[in-house]
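The residues making up each chain are set out below.
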Amino acid sequence: MHTLHMCSAALAVILLLLGLLKYRFPYFAKDVLYIFRVIRIRVRMGEFLKKKPFYTILDCFLEAAQKHPNKTFIVFEGKTFSYSEADKQSNKVARSLLEHARLKEGDTVALFLGNEPSYLLIWLGLSKIGCAAALLNYNVRSKSFLHCFSCCAANVLIVAAELKDAVEEVLPTLREENVSVFLLADECDTEGMESLADKIDQASDEPLSPALRSNVTVGSPALYIYTSGTTGGTVVLQRKFSASQFWDDVRKYDVTVIQYIGEIMRYLCNTPKRDNDRDHRVRLAIGNGARADVWKEFLNRFGGIRVMELYASTEGNINFINYTGKIGAVGCVNFLHRKAFPYALLKYDMLREEPVRDHRGLCVEVAKGETGLLVSRITTTAAFLGYAGNLQQTEKKKLRDVFQKGDLYFNSGDLLRFDHLGFIYFQDRVGDTFRWKGENVATTEVSDVLVTADCIQEANVYGVSVPGHEGRIGMAAVTLKEGAEFDPNSVFSQVVSYLPAYARPRFIRIQDSLDVTGTFKQMKVKLVEEGFCPSAVPDPLYFLDDKEKSYVPMTQEIFHSIESGSIKL
């Protein structure tokens, strides 16, 4: 019985490899290697899932700390933390929170911190007592902050000292909801907040009992993620990205792997050239959003770095990775991968903002070379868990009756293209989000802020392309309240106060009315195509000018300055 099973499996692999060989000969070896790596990972994951008690990321860290306690775990601003030091410090964090925040297994704690070692140490400490961490984006403010905080049902908030003012704005609401707020400082004089750093320092660093997390299972939340993260191993952190300092840090800390978003590559390529541009040990760059032209320039300038562009989303059930090195691609169609995680590209109606359906009410797959909406079948192995605390948004991402009645797919909201060799290319986003500066912007969130301005009646927010930039920058078409005039100063104050920099609409277009579909959905396609060029747009246009601290009339001169790059966005 075992022999027959093994022979069948071997035959299937041989047939699979022959099929791949037929149309992807130049990359055949890499395809084969990828297939076996996927199989190995799946087998290993299966072994982890069977372990009793459940094997968590924390267990992986603790094994590493025991195996090589003195190895560097984190490098930050010239200071290093070994695995052993991180282990002990996270013990202190856990003990202080058990005592002063009165946490119990299953609770959620929101972290409102910048890039610093405390982020990792607090997360590890929370894991040791069976608590989940909600990773709040430190750019969010006011209503956006409260929305993100409420989604994860946290009862404790830990705040970096430099973000104290941002939390004080919403502190009355947090106090009404009995949220315990801790400031990562030695002292705090704000009523409703407690200091935490001093309590951590005074706590014991003795190991904690595994019994404190004995009920953690594969279904337990570990993290609530609102934005992109990083990988494990030794990690070199900086508070903020600096293009001019980047390669000096890479050489200083002997970095071998870097993580990027597309804009980072462009920033690095725009720095003045140096004689030592290729003097580094970086062997791998992994990330997403790199344009093909920037990708080529990056390799030509900084040397033979293996770039592994990927496609993935935090909540999604499908991902691709470019293991072949094909410039511009996010991955390639692989028979085994597609069998295990069925996906397709659907014809998409940009005006109606929905997939095209045939006379049977089923979706239509695009031909090779055409752009389509990426969907992936929801199964037990490719699950879609949805959004915490938001059933409506979760249901919105589910697409039913795709290829047969009753089937269920995850709607990625992204347009991709498969070429005739099977390579996969990211094309654009659709619907209610766009991406700028490596961040996802929710158009409804921006609209909600704009309409609170005294002069604005309605707002239709969308992203527009800018020459030489990755992603799309924010723009809004608005109508004014009856008898009101556009107030550039108050609108500027509104968006700066309540929106992070990357989400602020850089251009505003004043219209008499907003175009809507038959079902009263705002239409964006034509607005996106018309962009922000004053000569192409018949309506009044305004530009967010940081120097003037106001929205100023958009001129052809400003447009040309943006196009040439002399105005930095």
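To be clear, the structure that these remarks concern was listed above.
Residues numbered from 1 in each chain as written. Predicted model: local features only at pLDDT ≥ 70, side-chain atom pairs only at ≥ 80, totals over all residues. Heavy atoms only, no water.

Caption draft 1: A look at unusual backbone geometry. K52 connects to P53 through a cis peptide bond whose omega is -5 degrees. If you trace the backbone, P53 turns up in the loop between α2 (28-50) and α3 (57-67). With a phi angle near 50 degrees, S142 is a residue other than glycine that sits in the positive phi range. Residue S142 is classed as buried on the basis of its relative accessible area, which comes to 12%. One non-glycine residue with positive phi stands out, namely K549, at about 55 degrees. Along the chain, K549 falls in the loop between β27 (541-545) and β28 (550-553). (Helix = DSSP H or I, 4+ residues; strand = E, 2+ residues; numbered from the N terminus. Buried < 20%, exposed > 50% of the residue type's maximum accessible area, 1.4 Å probe, protein only.)

Caption draft 2: View of the pattern of salt bridges. All told, the structure shown has 21 salt bridges when counted by the stated rule. R175 serves as the salt-bridge partner of E191, at 3.7 Å between the closest nitrogen and oxygen. Of this pair, E191 sits in the loop between β6 (180-184) and β7 (193-195) while R175 sits in helix α8 (residues 171-176), and the two are 16 residues apart along the sequence. When its relative accessible area of 61% is taken as the criterion, E191 is described as exposed. Across the pair E395 and K398 runs a salt bridge whose closest N-O atoms are separated by 3.2 Å. Judged by its relative accessible area of 31%, E395 is partly exposed. The partly exposed category is assigned to K398, whose relative accessible area is 23%. (Salt bridge = Lys/Arg side-chain N within 4 Å of Asp/Glu carboxyl O.)

Caption draft 3: Quick peek at the packing of aromatic side chains. One pass over the full model with this rule turns up 25 aromatic pairs. Between F486 and Y542, the aromatic rings sit 4.5 Å apart at their centres with planes inclined by 45 degrees, giving tilted as the arrangement. Of this pair, F486 sits in the loop between β25 (473-480) and α16 (488-498) while Y542 sits in strand β27, and the two are 56 residues apart along the sequence. Across this residue pair, the class does not change: F486 and Y542 are buried. (Phe/Tyr/Trp six-rings, centres within 6.5 Å; stacked < 30°, edge-to-face > 60°.)

Caption draft 4: Region of the structure containing empty space enclosed by the protein. Tallied over the full model, the rule gives two cavities of 30 Å³ or more. In this structure, the largest cavity encloses a volume near 40 Å³. The wall of the largest cavity is formed by Y34, N319, F320, I321, Y323, G331, C332, N334 and H337. Among the residues making up the lining of the largest cavity, the classes are represented as five nonpolar, four polar and no charged. By volume, the second largest cavity is sized at about 30 Å³. (1 Å grid on protein atoms, 1.4 Å probe; cavity = no way out; pocket = protein on both sides within 12 Å on 5 of 7 lines; lining within 4 Å. Points joined across faces, edges and corners; volume = space filled by probe spheres on them. Nonpolar A, V, L, I, M, F, W, Y, C, P; charged D, E, K, R; others polar.)

Caption draft 5: Geometry of the sheet that holds strand β5 (residues 156-160). Spatial strand order, β7-β6-β5-β3-β4-β8: six strands in an open sheet with parallel pairing. Unpaired on one side and paired on the other, β7 and β8 (223-225) mark the two borders of the sheet. Neighbour-to-neighbour, the strand axes of the sheet open up by a mean angle of 25 degrees, direction not taken into account. (Pairing = 2+ DSSP bridges. Axes fitted to C-alpha atoms, helices over the stretch in contact; angles between N-to-C directions.)

Caption draft 6: Layout of the environment of G565. For G565, the position within the fold is in the segment after α18 (556-564). Note: C-alpha distance between G565 and P467 (98 residues apart in sequence) is 8.5 Å.

Caption draft 7: Focus on the environment of E482. Relative to the elements of secondary structure, E482 occurs in the loop between β25 and α16. Sequence separation between E482 and I456 is 26 residues, and the spatial gap between their C-alpha atoms is 9.4 Å.

Caption draft 8: Structural detail: the nonpolar core. In terms of nonpolar packing, the biggest core is built from 62 residues, with L111, F112, L157 and I158 touching the most fellow members. No other element matches helix α5 (residues 117-128), which puts seven residues into this core. If you look at the next biggest cluster of nonpolar residues, it comprises 45 residues, including A453, I456, A503 and Y542. (Core = buried A, V, L, I, M, F, W, Y, C linked by side-chain atoms within 4.5 Å.)

Caption draft 9: Representation of the side chain of K164 in the model. The residue K164 is located in helix α7 (residues 164-168) in this model. On the basis of relative accessibility, which here comes to 18%, the residue K164 falls in the buried class. Leave out the neighbours within four places in its chain, and K164 touches V159, L183, D189, T190 and M193. (Contact = heavy atoms within 4.5 Å.)

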